[in-house]
Amino acid sequence: MNQFDQTINRKKTQSVKWDTIEETYHQEGLLPMWVADMDFKAPEAVRSAFQAYLDQGVFGYSIVPDSLYEAIISWQKKRHNFSVKKEDILLNSGVVPSMALSVQAYTNPGDTVLIHDPVYPPFAEVVKENDRKLIRSQLSTEDKFAMNFAEMERLIQEEDVKLFILCNPHNPGGRVWSKEELQQIGDICKKHHVIVVSDEIHQDIVYQPETFTTFQNAEPSFKDFSIVLTAATKTFNLAGIKNSMVFIKNAELKQAFEKVQKQNQQNGINTFGIIGTQAAYEEGAEWLDSLLDYLKENIEFTYNFFQKELPNVQLSKPEATYLMWLDFSAYPLTDKQLEEKIVNEAKVVLNPGISYGSQGSQHMRINIACPRATLKEGLERIAGAFK
Ligand SMILES: Cc1ncc(COP(=O)(O)O)c(C=O)c1O
């Protein structure tokens, strides 16, 4: 049996995905296909590294060993042809916390920060919660997602944008931005002195023949005005260990980030983050390759299912991520009615598209990182409600 076909009961495991929905929607029997974690066990190498630590029984303060930095450096080089040195790496809790720190480090209250529409909801939250002005540039969503470079440049000039937060690969659109696209947006940001924070947490979940380019590899000078946020947590299903890394090659940007980290005393990471990230990067490559094969088949399965059973729902195959963006605009439903129909009639929980920005109206995001039997069950439930 394929290891990813194994169904794991995640109920009563403090899981956001599984253990919050009954209370939210006041009903039982719902199948969660929302929050971006996977219903799969983490790699055996990670679990045995945790087990060895658990077995010694003492959980005091930890140091960050050089071997963690070496594992990060080697992973970036091998998987992404990206050269980072130990001094370029800062460690922090999650990617979203790192994003919040970068907003604090590189902008002042009232400054304007640019993000896309649609994009992962915490991008807007970190900007607004830090009292910065949020503006969004709409991605064109016909066929495949594309940036509107002219509009972005106009907004950058008109709104005096200080910081742009990029999502690459893009959640929820599943795009891997090409080197050319990155060069184009990087040139615009460079010209107008906009700092770029590139969230690359989905960098490892990329399907061949697509290849991922980190923003800092798109053009050598881009490292002077950008930082990269990433983690092993999305790739290896370790979101609960709350651990991320920040790659900063420019000394001034690094100093500013470190200062805010210290102001907030956010410069320590949890021990499971250290152990899990190191084990995953050192020993998880084979597991990841098998995962990508499985996810790719799940994407095909989902795509074919909708084409055949529910052709009014428009979707495309993502180049990256295990998330698919479903367009329900053929149905005359408001966003609220759409969410209610899927919960109350299909008994499935998806992420309402509207939470990603105005362009997400009449869309839903589905997470296909589950055993195929669970996926089939969820898709059949959705089809049943709309037929
Ligand atoms: C684009 C993006 N950034 C960040 C995160 C979350 O990162 P973390 O849990 O490390 O804060 C997610 C999770 O889905 C994501 O999709």
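Conventions used here
- Residues numbered from 1 in each chain as written.
- Predicted model: local features only at pLDDT ≥ 70, side-chain atom pairs only at ≥ 80, totals over all residues.
- Heavy atoms only, no water.
- Salt bridge = Lys/Arg side-chain N within 4 Å of Asp/Glu carboxyl O.
- Helix = DSSP H or I, 4+ residues; strand = E, 2+ residues; numbered from the N terminus.
- Buried < 20%, exposed > 50% of the residue type's maximum accessible area, 1.4 Å probe, protein only.
- Domains from an automatic or database assignment.
- Contact = heavy atoms within 4.5 Å.
- Polar contact = N/O pair within 3.5 Å; in protein donor to acceptor, adjacent residues only side chain to side chain.
- Nonpolar A, V, L, I, M, F, W, Y, C, P; charged D, E, K, R; others polar.
- Near = heavy atom within 4 Å.
- Areas by Shrake-Rupley, 256 points an atom, 1.4 Å probe, with all protein chains shown as cover.
- 1 Å grid on protein atoms, 1.4 Å probe; cavity = no way out; pocket = protein on both sides within 12 Å on 5 of 7 lines; lining within 4 Å.
- Sits in = over half its atoms within 2 Å of the grid points.
- Points joined across faces, edges and corners; volume = space filled by probe spheres on them.

Engineer: Which residues make up the pattern of salt bridges, and what values do they have?
Structural biologist: A full pass over the atoms with the stated rule returns 25 salt bridges. The salt bridge involving Arg154 is made with Glu158; its shortest N-O contact spans 3.1 Å. Taken together, the residues span about one helical turn, with Arg154 and Glu158 both in helix α7 (residues 149-158) at a distance of 4 residues. Judged by relative accessible area, which is 38%, Arg154 ranks as partly exposed. The exposed category is assigned to Glu158, whose relative accessible area is 55%. With a shortest N-O distance of 3.3 Å, Arg372 and Glu297 are connected by a salt bridge. Taken together, the positions of Arg372 in helix α14 (residues 372-386) and Glu297 in helix α12 (residues 285-309) put the pair 75 residues apart, joining distant regions of the chain. The exposure class assigned to Glu297 is partly exposed, which follows from its relative accessible area of 44%. What emerges from the salt-bridge pattern is a single network uniting Arg10, Lys17, Asp37 and Asp39.

Engineer: Could you give an account of the domain arrangement of the protein chain, naming the residues involved and the relevant values?
Structural biologist: You can read the domains of the protein chain as domain 1 (3-43 + 285-386) and domain 2 (59-283). Centre-to-centre, using C-alpha coordinates, domain 1 lies 25 Å away from domain 2. Taken together, the 31 residues of domain 1 in the interface contact 35 residues of domain 2. The tally of links from domain 1 across to domain 2 stands at 3 salt bridges. For Arg79, the salt bridge goes to Asp289, with nearest N and O atoms at 2.9 Å. One can count 20 residue pairs in polar contact (both at pLDDT 80 or more) joining domain 1 with domain 2. Looking at the side of domain 1 that touches domain 2, the elements that each hand over two or more residues are α12 and β9 (323-327). Top element by residues in the side of domain 1 that touches domain 2 is α12. It accounts for 9 residues. Partitioned by chemical class, the residues of the side of domain 1 that touches domain 2 number 18 nonpolar, 7 polar and 6 charged.

Engineer: Give a description of the site of the ligand that names residues and reports values.
Structural biologist: With respect to spatial proximity, the complete set of residues near the ligand consists of Ala36, Gly94, Val95, Val96, Pro97, Tyr120, Cys167, Asn171, Asp199, Ile201, His202 and Lys234. Contacts to the ligand include Asp199, whose side-chain N or O atom sits 2.5 Å from a nitrogen atom. Within the complex, 91% of the 400 Å² of free accessible area of the ligand lies under protein. The cavity where the ligand resides is the largest pocket. The leading source of residues in the shell around the ligand is helix α5 (residues 95-106), at 3 residues. The residue inventory of the shell around the ligand, partitioned by class, reads 7 nonpolar, 3 polar and 2 charged.

Engineer: Account for the layout of surface pockets, with residues named and values stated.
Structural biologist: Roughly 1,200 Å³ of volume is contained in the largest pocket. Looking at the lining of the largest pocket, the elements that each hand over two or more residues are α3 (44-56), α5 and β11 (351-352). Of the residues assigned to the lining of the largest pocket, the class counts are 24 nonpolar, 13 polar and 8 charged.

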